[in-house]
Amino acid sequence: QQPVQSPQAVILREGEDAVINCSSSKALYSVHWYRQKHGEAPVFLMILLKGGEQKGHEKISASFNEKKQQSSLYLTASQLSYSGTYFCGTEMITGGGNKLTFGTGTQLKVEL
Amino acid sequence: EAQVTQNPRYLITVTGKKLTVTCSQNMNHEYMSWYRQDPGLGLRQIYYSMNVEVTDKGDVPEGYKVSRKEKRNFPLILESPSPNQTSLYFCASSGTVNTEAFFGQGTRLTVV
């Protein structure tokens, strides 16, 4: 079952902040975040493991609340290069072993 | 250079003609998976493999087959392609399910 991402799309002016949310109805072991630019493959941003930790990657950080089965990606002081589609991936346990399921994506556009 | 290689990049075929999309990684990764990407639906997992000879269905396995006879290769087989399998396909590999995934460049498949 795919995690739910919100918002579906967002437009920012350069320098503004944004938050992208990801939630699941199932217990999660980890949450992944990827960014995909138009016509390219998704590229890894970060992974958050169980424990509610927050990770950072330059001006992009994320949190993971395992009790609420939610994660949020924070983009601060956005740059034009942040434009793209952001996907969260959630790791869940299944009968065949843990698997990674991606959400439907959030389209982010940063304008001057 | 660490990479995941998919072939072909583009393919147009006719309904019912069997085809194989190859995927190879040079990072000695255990975990490999196939996704299809359609507008508005995000990345949906077709099959995944936790290691050699162990594969399991993802969220949309109907109409697809895979095999994992050796660690580096994970081909996707469409025995009888149909137009609803027209999509952008990505192969991905990672050390385990909760480590960074590397994506191939994608295969754009059109079934007419």
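Look up a bit, the structure's there.
Residues numbered from 1 in each chain as written. Chains lettered and ligands numbered in written order. Predicted model: local features only at pLDDT ≥ 70, side-chain atom pairs only at ≥ 80, totals over all residues. Heavy atoms only, no water.

Here we come to the overall build of chain A. Tallying secondary structure elements over chain A gives zero helices and eleven strands in all. Each helix and strand of chain A, placed in order from N terminus to C terminus, yields the pattern β-β-β-β-β-β-β-β-β-β-β. Here the C-alpha atoms of chain A give a radius of gyration of 14 Å, agreeing with the 13 Å that 2.2 N^0.38 yields for 112 residues. Each principal axis of the C-alpha atoms in chain A carries an extent, and together these give about 50 × 30 × 20 Å. Scored against the burial criterion, the 112 residues of chain A give a buried share of 49%. The contacts in chain A between residues at least 6 apart in sequence include a share of 54% that link residues at least 24 apart. For chain A, the accessible surface area stands at approximately 5,500 Å², while carbon and sulfur atoms represent 49% of it. Once the 11 positive and 9 negative side-chain charges of chain A are each reduced to a mean point, those two points are 7 Å apart. (Helix = DSSP H or I, 4+ residues; strand = E, 2+ residues; numbered from the N terminus. Rg over C-alpha atoms; globule rule 2.2 N^0.38 Å. Buried < 20%, exposed > 50% of the residue type's maximum accessible area, 1.4 Å probe, protein only. Contact = heavy atoms within 4.5 Å. Areas by Shrake-Rupley, 256 points an atom, 1.4 Å probe, with all protein chains shown as cover. Lys, Arg positive; Asp, Glu negative; His and termini not counted. Charge placed at Lys NZ, Arg CZ, Asp CG, Glu CD.)

Let us now look at the sheet that holds strand β3 (residues 19–25) of chain B. Residue and element names in this part refer to chain B. What the four strands build is an open sheet, ordered β1-β3-β8-β7; its pairing is antiparallel. Bordering the open sheet on either side are β1 (4–7) and β7 (65–66), each of which pairs with just one other strand. As paired strands, β3 and strand β8 (residues 76–78) are joined by three bridges and run antiparallel to one another. Bridged to Leu19 within β8 is Leu78. (Pairing = 2+ DSSP bridges.)

Trp33, Met46, Leu73, Leu75, Tyr82, Tyr86 and Leu108 of chain A are the most contacted members of the largest nonpolar core, which has 22 residues in total. Within the residue set of this core, elements represented by two or more residues are β2 (9–13), β3 (18–23), β4 (30–36), β5 (43–49), β7 (60–65), β8 (70–75), β9 (84–92) and β11 (106–111) of chain A. Formed by 19 residues, the second largest nonpolar core is a distinct cluster that contains Val4, Trp34, Tyr64 and Leu76 of chain B. (Core = buried A, V, L, I, M, F, W, Y, C linked by side-chain atoms within 4.5 Å.)

Attention now moves to the packing of aromatic side chains. The tally for this structure, following the rule as stated, stands at nine aromatic pairs over all chains. Residues Tyr34 of chain A and Phe44 of chain A carry aromatic rings whose centres are separated by 5.6 Å and whose planes lie at 70 degrees to one another, so their mutual orientation is edge-to-face. Residue Tyr34 of chain A is found in strand β4, and its partner Phe44 of chain A is found in strand β5; the two are separated by ten residues along the sequence. Accessibility expressed as a relative area gives 0% for Tyr34 of chain A, which makes it buried. Phe44 of chain A gets classed as partly exposed once you look at its relative accessible area, which sits at 22%. A connected cluster of aromatic rings, assembled from ring pairs, spans Tyr34, Phe44 and Phe102 of chain A together with Tyr35, Phe90 and Phe103 of chain B. Across from the ring centre of Phe74 of chain B, 6.0 Å away, lies the NZ or CZ of Arg68 of chain B, which sits over that ring. (Phe/Tyr/Trp six-rings, centres within 6.5 Å; stacked < 30°, edge-to-face > 60°. Lys NZ or Arg CZ within 6 Å of the ring centre and 35° of its normal.)

Chain B puts 23 residues into the contact, and the matching count from chain A is 24 residues. Both sides together, the interface formed by chain B and chain A hides about 1,800 Å², and carbon and sulfur atoms give 55% of it. Along the contact surface separating chain B from chain A lie one salt bridge. The salt bridge partner of Asp59 of chain B is Lys99 of chain A, with a shortest N-O separation of 2.8 Å. Mapped by element, the contributors of at least two residues to the side of chain B that touches chain A are β4 (31–38) and β5 (42–51) of chain B. The leading source of residues in the side of chain B that touches chain A is β5 of chain B, at six residues. Of the residues in the side of chain B that touches chain A, the class split is ten nonpolar, nine polar and four charged. (Buried area = accessible area lost by both parts, 1.4 Å probe. Salt bridge = Lys/Arg side-chain N within 4 Å of Asp/Glu carboxyl O. Nonpolar A, V, L, I, M, F, W, Y, C, P; charged D, E, K, R; others polar.)

That is the geometry; function is a separate question.
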